Amino acid sequence: MAEQKLAGGDQLSAERQLWGLVDAGLIEIAELRDRRGDWQTSRRRLTAETFAAMRGVALPSKPLLTIENLTAFEEAERAGDTDGHLALYTGGFITALDREFLALLVDAGLEEVWHWGDIDPGGLAILRHLQSCLPVPVRLWRMEPALLETLPSLPLSEEDRKRLHAWQADPQAPLQELAAAMLQAGRKVEQEGWFLGG
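In short, a report on the structure. Note that the structure is a prediction, hence the values are computed from the model and not measured. (Residues numbered from 1 in each chain as written. Predicted model: local features only at pLDDT ≥ 70, side-chain atom pairs only at ≥ 80, totals over all residues. Heavy atoms only, no water.)

## Points about the packing of aromatic side chains
Each pair of aromatic rings is reported with the distance of its centres and the angle of its planes. In the structure shown here, the tally under the stated rule is 4 aromatic pairs. An angle of 80° between the planes, with centres 5.2 Å apart, marks the rings of W116 and W141 as edge-to-face. Pair noted here: W116 is in strand β5 (residues 113–116) and W141 is in the loop between β6 (138–140) and α6 (147–150), with a separation of 25 residues, a long-range link. Where W116 meets W194, the ring centres are 6.4 Å apart and the plane angle is 75°; that geometry is what we call edge-to-face. With a gap of 78 residues between them, W116 in strand β5 and W194 in helix α9 (residues 193–196) connect regions that are remote in the sequence. (Phe/Tyr/Trp six-rings, centres within 6.5 Å; stacked < 30°, edge-to-face > 60°. Helix = DSSP H or I, 4+ residues; strand = E, 2+ residues; numbered from the N terminus.)

## What to know about the sheet that holds β6
Strand-to-strand pairing in sheets goes through backbone hydrogen bonds, with the strands running parallel or antiparallel. Ordered by their spatial adjacency, 4 strands build an open sheet running β4-β3-β5-β6, and the pairing between neighbours is parallel. What marks the edges here is a single partner per strand, and that holds for β4 (86–89) and β6. Across the sheet, the mean angle separating the axes of adjacent strands is 30° when strand polarity is ignored. Pairing of strand β3 (residues 64–67) with β5, which is carried by 4 bridges, proceeds in the parallel orientation. (Pairing = 2+ DSSP bridges. Axes fitted to C-alpha atoms, helices over the stretch in contact; angles between N-to-C directions.)

## Topic: the nonpolar core
Membership of the largest hydrophobic core comes to 25 residues, with the highest contact counts inside it found for I67, W116, I119, L124, L164 and M182. Elements supplying a minimum of two residues to this core: β3, α3 (70–79), β4, α6, α7 (158–169) and α8 (176–185). Once residues lying within four places of it in the same chain are set aside, the contact partners of L124 are L164, W167, L175, L178, A179 and M182. (Core = buried A, V, L, I, M, F, W, Y, C linked by side-chain atoms within 4.5 Å. Buried < 20%, exposed > 50% of the residue type's maximum accessible area, 1.4 Å probe, protein only. Contact = heavy atoms within 4.5 Å.)

Below, the structure written as structure tokens:
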């Protein structure tokens, strides 16, 4: 079977996350065997075939937190700063492989997802895409409008303003309050600002 590539060329991100969760004892995989029936020990690649071989995934009673950017994910994990959430790095928009992994977690009993992304038009679009891909509620984490005033921020570009006005014009678009707050402040916040202080 052909190997499935992850967005942005980062083929190791989903694999690194899965084995990190297993190593930390946060998920248990009762059976993960390769085509020969041997225990799968290679951690170099995570493929759709590997997902198909998984059986008996059990989740702890921890909420799941998806994190948009790698630096924010690594800093939060290093500092133990995820408020007890089980953290997964998405690298922006989730891929087909990410969706398959998340579906596996939902099948194992995951009931809701929290998402932490940039407070910018791209972050809104990523959250909307995540919500459309999951049959469980997706809630915001560290994306409150007040953070536009308290974290280091950047001015909105003209393109950002166009995207936010288009967002507001779409009655189906979620987070209208956050879009309005960005336009009113004329600012946006990247996740990394959380670690830079105000």
